[in-house]
Amino acid sequence: MTALPDRIDLEDGTHLRFFVVDDAEAVARAVFENLEHLRPWMPWADAQSAEPAFQRDRLRKLPDLAERGEEWQYGLFAPDESAVLGSFGLMTRRGPGTIEIGYWIRADAGGRGLATRASGALTDVALGLDGIRRVFICCDEENVRSAAIPRRLGYRLLRTDTRAPEAPGERGRLMMWVRDRADGGSRAPN
């Protein structure tokens, strides 16, 4: 697989960059400050995930996951890196030739198009990788704000699967949004 960029600059001055172990305190702080915002949609959003030691251990594993071609985790950072605004991952868990984009964003960073721009940039990166023909974004249909992102980026709803809810806000209907290489770039808003 083609190497992924370490850093992706976005037009508003924010940027995505691979998380490193030294980001553990900032990630833990962002999770802690946003637990109530994250808890309805993220099964992992609990007190432990807001601990710096937990985040340090998690971030230490990321290079091995990337080396195996399974997962790459980017932080969305303010221009001066004073805050983690969100987390965006690329994962190969949907099978060969595919990448899934997963994300969360701080409550106070919502409504400004940050998640859409970051997801659009990662869509373009993913579709440019050798061997990747399809990109997924998946979310529970109750998570209306999250579902708006793939819709804005020109993804199409492939299907909605019924499953057991994994987080308190979910209804158990997983929307699987898809962009194929043949569809072109992200069509992210300017």
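For the structure itself, consult the block above.
Rules used throughout
Sequence order as written defines residue numbering, which begins from 1 separately in each chain. For this predicted model, a pLDDT threshold of at least 70 governs which residues receive local features, and a threshold of 80 or more governs which side-chain atom pairs are given and counted, while totals over whole chains, interfaces and linings are taken from all residues. Side-chain measures here rest on the full set of heavy atoms in the structure, leaving out hydrogens and waters. A run of DSSP states H or I qualifies as a helix once it reaches four residues; a run of E qualifies as a strand once it reaches two. Both are numbered from the N-terminal end. Radius of gyration here uses only the C-alpha atoms, and the compact-globule reference equals 2.2 Å multiplied by the residue count raised to the power 0.38. Each residue is placed in one exposure class: buried if its accessible area under a 1.4 Å probe, protein chains only, is under 20% of its type's maximum, exposed if it is over 50%, and partly exposed if it falls in between. The arc under discussion is defined with respect to the helix axis, by the directions toward the C-beta atoms. By definition, residues are in contact when any of their heavy atoms lie within 4.5 Å. Multiplying one less than the number of residues by 1.5 Å gives the expected span of a helix. Note on pairing: DSSP must find at least two bridges between two strands before they are called paired. The axes used here are C-alpha line fits, helices contributing only the stretch in contact, and every angle between their N-to-C directions lies in the interval 0 to 180 degrees. Put simply, a salt bridge is a Lys or Arg side-chain nitrogen that is within 4 Å of an Asp or Glu carboxyl oxygen. For the purposes of these results, a polar contact is taken to be a pair of N or O atoms within 3.5 Å, where, inside protein, one atom must be able to donate a hydrogen and its partner to accept one; residues adjacent in sequence count only when each atom of the pair is a side-chain atom.

**Topic: the overall build of the protein**
The helix and strand tally for the protein stands at five helices and eight strands. Starting at the N terminus, the α and β elements of the protein follow one another as β-β-α-α-α-β-β-β-α-β-α-β-β. For a compact globule of 190 residues, the expected C-alpha radius of gyration is about 16 Å, and the protein comes in at 16 Å, within 12% of that figure. In terms of overall dimensions, the protein has C-alpha extents of about 40 × 35 × 35 Å along its principal axes.

**Points about helix α1 (residues 24-33)**
Residues that lie three or four places apart on an α-helix share one face, since the helix turns once every 3.6 residues. Residues of α1 that are buried include every one of A24, V27, A28, A30 and V31, and no others. For α1, the angular spread of the buried residues around the axis is 160°, confining them to a single face. For α1, the elements touching its buried residues are α2 (35-38), α3 (52-67), β4 (84-91) and β5 (98-105).

**Quick word on helix α4 (residues 114-127)**
Taking 1.5 Å per residue, 14 residues should reach 20 Å; α4 reaches 20 Å between its end C-alpha atoms and fits that length. α4 sits mainly inside the fold: 13 of its 14 residues count as buried.

**Observations concerning the sheet that holds β4**
One open sheet holds the eight strands; their spatial order is β1-β2-β3-β4-β5-β6-β8-β7, and the pairing between them is mixed. On the outer flanks of this sheet lie β1 (7-9) and β7 (156-162), each paired with one strand and no other. Averaged over all adjacent pairs, the angle separating strand axes in this sheet is 25°, with direction ignored. Sheet analysis places β7 next to strand β8 (residues 173-180), joined by six bridges and oriented antiparallel. For L157, the partnering residue across the bridge sits in β8 and is W177. Against the sheet, α4 makes contact with β1, β2 (15-18), β3 (71-77), β4, β5, β6 (134-140) and β8, and its axis sits at roughly 160° relative to β5, the strand it touches most.

**Section: the pairing of β3**
In terms of burial, β3 is a largely internal element, six of the seven residues being buried. Two strands pair when backbone bridges link them, and β2 and β3 are joined in this way by four bridges, in the antiparallel orientation. Of the residues in β3, the one forming a bridge with L16 is L76. Across seven bridges, the pairing between β3 and β4 is antiparallel. Each residue of the ladder has a partner; that of Y74, found in β4, is F88. Between β3 and the antiparallel strand that follows it, β4, lie six residues; E81 among them carries a positive phi value of about 60°.

**What to know about the pattern of salt bridges**
Evaluated as defined, the whole model comprises 19 salt bridges. Between D12 and R117 there is a salt bridge, with the nearest N and O atoms lying 2.9 Å from each other. Remark: R117 occurs in helix α4 and D12 occurs in the loop between β1 and β2; sequence separation between them is 105 residues. Relative accessible area serves as the criterion here: at 16%, R117 is assigned to the buried category. The closest approach of N and O atoms between R171 and E142, which form a salt bridge, is 3.2 Å. Taken as a pair, R171 in the loop between β7 and β8 and E142 in the loop between β6 and α5 (144-152) lie far apart in primary sequence, 29 residues in all. By relative accessible area, which is 48% here, R171 ends up partly exposed. Taken together, the shared-partner salt bridges in this structure form one network comprising E141, E142, R171 and R173.

**What about the side chain of Q55?**
Along the chain, the position of Q55 falls in helix α3. Side-chain polar atoms of Q55 contact the side chain of R58, separated by 2.8 Å. Excluding residues within four positions of it along the chain, Q55 makes contact with A24, V27, A28, V31 and S49.

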